[in-house]
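Letter by letter, the chains look like this.
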Amino acid sequence: MNLTRRQCLLLLLPAAAAGWEALQAGAPERAPNYDKTQHWWGMLLDISKCIGCGNCVRACAAENQVPPGYFRTWVERYRVRDEDMPYPQVDSPDGGMHGFPPIPADGMKEFFVPKMCNHCADSPCTQVCPVGATFITPDGVVLVDKEYCLGCRYCIQACPYGCRFFNPVTHTAEKCTLCYHRITKGLTTACCEACPTGARQLVDLKNPNDPIHAFLRTHNVAVLKPYLATGAKVFYNDLDGSVR
Amino acid sequence: MNRWRNGEHLLRVALVYGLGVVAFVLLRMALVPRSFGEFGHYRGNAIAETARQRPVFAGHQACNLCHSDVAALKRTGIHAGVHCEACHGPQAAHASDPGSVRPARLATARLCVRCHAANPARPAAFPQIDPRRHNPGLPCETCHPPHNPLQFLSQHS
């Protein structure tokens, strides 16, 4: 077979085009068996099971290289006096990362509240982004596009739950990704993996066999700040009325 | 009929305008990322880029492959619901290359107390001890095998 240079180049063209295509697309590695349209992720946080050990906070920091002093998830200790329900005392030393030194019991009601991004279906934070760098994925996870974020901090102010922070290293907004790199591979989140009591559970609201549906029907479950109608998907079991 | 006789300048304006439109379209093509708008008002590829991050926790199923003895022991005990990496920390590196990455030894004096030290904020049903009064000075594992803490106690009582 005799190929002219011209024929050769023409033959190579599709390959070159494909290569260029891949370069332009950033050649993302797509998870092979994961279908974004078949999931709607959320989390169940069970206050009646949380022991405030801080495993989730440390696991999150290790899994996602969260800079020290910043938190994608953290644990708060609430202390409520009988006659002072609206004014609970809240502390969270190091985000609860190293646990909570016990305070001698003095008749107050005490409990732990893990906090994290609520992955709202109608999130205020994604609505204020001027460039479309934060968004909700088709499977219901609110993410930040690190490549595209300007660092204007609008979203950090917009989040009514205080779940975003400004990463001092990358100079972009950062938040919980619901361990998107894990849940798309069939793993649970790092915080759920490290939680010893099952106080944290990843839930898939689109999966009819997920035990969350029965749980929601049979328990007193609430979301934080329901009056803001953010469509929060982090459900709290046994949530005390004093929690904000 | 001579209305368009001096229309040359209009043509020039149209040309400049046309060039402007072409320049805008080209610039927009160059600046807007390929996948923008694939799923919504954002860069669709950002989803796959986030998913590309590497897990640091291997997940509890991973450990059972090689440590079936520990897993079997743990499954029968009260720590059945406590995942391996809740105590041993993130071990994805070890799970993928156990030959060169070895999990650190655990100091039970700190480890067990982190979960079991008495704290009034903990749910009352959770088993708690006061580390200063519950057999102080003895490492917890002398009496409680970490993977099945009540293994020997249940036989006696």
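Residues numbered from 1 in each chain as written. Chains lettered and ligands numbered in written order. Predicted model: local features only at pLDDT ≥ 70, side-chain atom pairs only at ≥ 80, totals over all residues. Heavy atoms only, no water.

1. With respect to the sheet that holds strand E11 (residues 234-237) of chain A
All names here are of chain A. Spatial strand order, E9-E1-E11-E10: 4 strands in an open sheet with mixed pairing. Taken across any chain shown, the strands that pair with only one partner, and hence form the sheet edges, are strand E9 (200-204) and strand E10 (221-222). One ladder, built from 4 bridges, connects strand E1 (residues 41-46) with E11; its direction is parallel. Bridge pairing links Met-43 to Val-234 in E11. (Pairing = 2+ DSSP bridges. Helix = DSSP H or I, 4+ residues; strand = E, 2+ residues; numbered from the N terminus.)

2. Describing the nonpolar core
Judged by nonpolar contacts, the single largest core of 45 residues is most densely connected at Met-43, Leu-178 and Tyr-180 of chain A. When contributions to this core are tallied by element, the ones reaching two or more residues are E1, helix H2 (55-64), strand E2 (73-80), strand E4 (109-116), helix H5 (180-183), helix H6 (190-194) and E11 of chain A together with helix H2 (45-51) of chain B. In this structure Met-43 of chain A touches Met-116, Leu-178, Thr-189, Cys-191, Cys-192, Arg-200, Gln-201, Leu-202, Val-203, Lys-233, Val-234 and Phe-235 of chain A, once residues within four positions along its chain are discounted. Judged by nonpolar contacts, the second largest core, of 8 residues, contains Cys-125, Cys-129, Ala-133 and Cys-149 of chain A. (Core = buried A, V, L, I, M, F, W, Y, C linked by side-chain atoms within 4.5 Å. Buried < 20%, exposed > 50% of the residue type's maximum accessible area, 1.4 Å probe, protein only. Contact = heavy atoms within 4.5 Å.)

3. A look at the pairing of E2 of chain A
The side chains of a regular strand alternate between both faces of the sheet. Residues and elements named next belong to chain A. Most of E2 sits out of view: 8 of its 8 residues are buried. By the alternation rule, side chains of E2 split into Thr-73, Val-75, Arg-77 and Arg-79 and Trp-74, Glu-76, Tyr-78 and Val-80, which are all buried. Here E2 runs beside E4; their pairing, made up of 8 bridges, is antiparallel. Across the sheet, the residue bridging to Trp-74 is Lys-115, located in E4. The pairing of E2 with strand E3 (residues 89-91) spans 3 bridges and is antiparallel. Counterpart to Arg-79 in the pairing with E3 is Gln-89.

4. Here we look at the interface of chain B and chain A
Each partner contributes residues to the interface: chain B has 39 residues there, and chain A has 54 residues. Buried surface at the junction of chain B and chain A, summed over both partners, amounts to about 3800 Å²; 57% is from carbon and sulfur atoms. If you sort the residues of chain B by the area they bury against chain A, Arg-34, Gln-53 and Phe-57 of chain B come out on top, with a joint share of 15%. In this structure, Asp-145 of chain A and Arg-43 of chain B form a salt bridge, with 2.7 Å as the shortest nitrogen-oxygen distance. Where chain B packs against chain A, one counts 13 residue pairs in polar contact (both at pLDDT 80 or more). Looking at the side of chain B that touches chain A, the element that brings in the most residues is H2 of chain B, giving 7 residues. (Buried area = accessible area lost by both parts, 1.4 Å probe. Salt bridge = Lys/Arg side-chain N within 4 Å of Asp/Glu carboxyl O. Polar contact = N/O pair within 3.5 Å; in protein donor to acceptor, adjacent residues only side chain to side chain.)

5. Observations concerning the sheet that holds E3 of chain A
In any sheet, the strands associate via hydrogen bonds between backbone groups, in a parallel or an antiparallel arrangement. Residues and elements named next belong to chain A. Sheet architecture is open: 3 strands sit in the order E3-E2-E4, paired in antiparallel fashion. Of all the strands in the sheet, just E3 and E4 have a single pairing partner and so form its edges. Strand after strand, the sheet turns through a mean of 25° between neighbouring axes, direction not considered. (Axes fitted to C-alpha atoms, helices over the stretch in contact; angles between N-to-C directions.)

As far as function goes, none of this settles anything; it's purely spatial.
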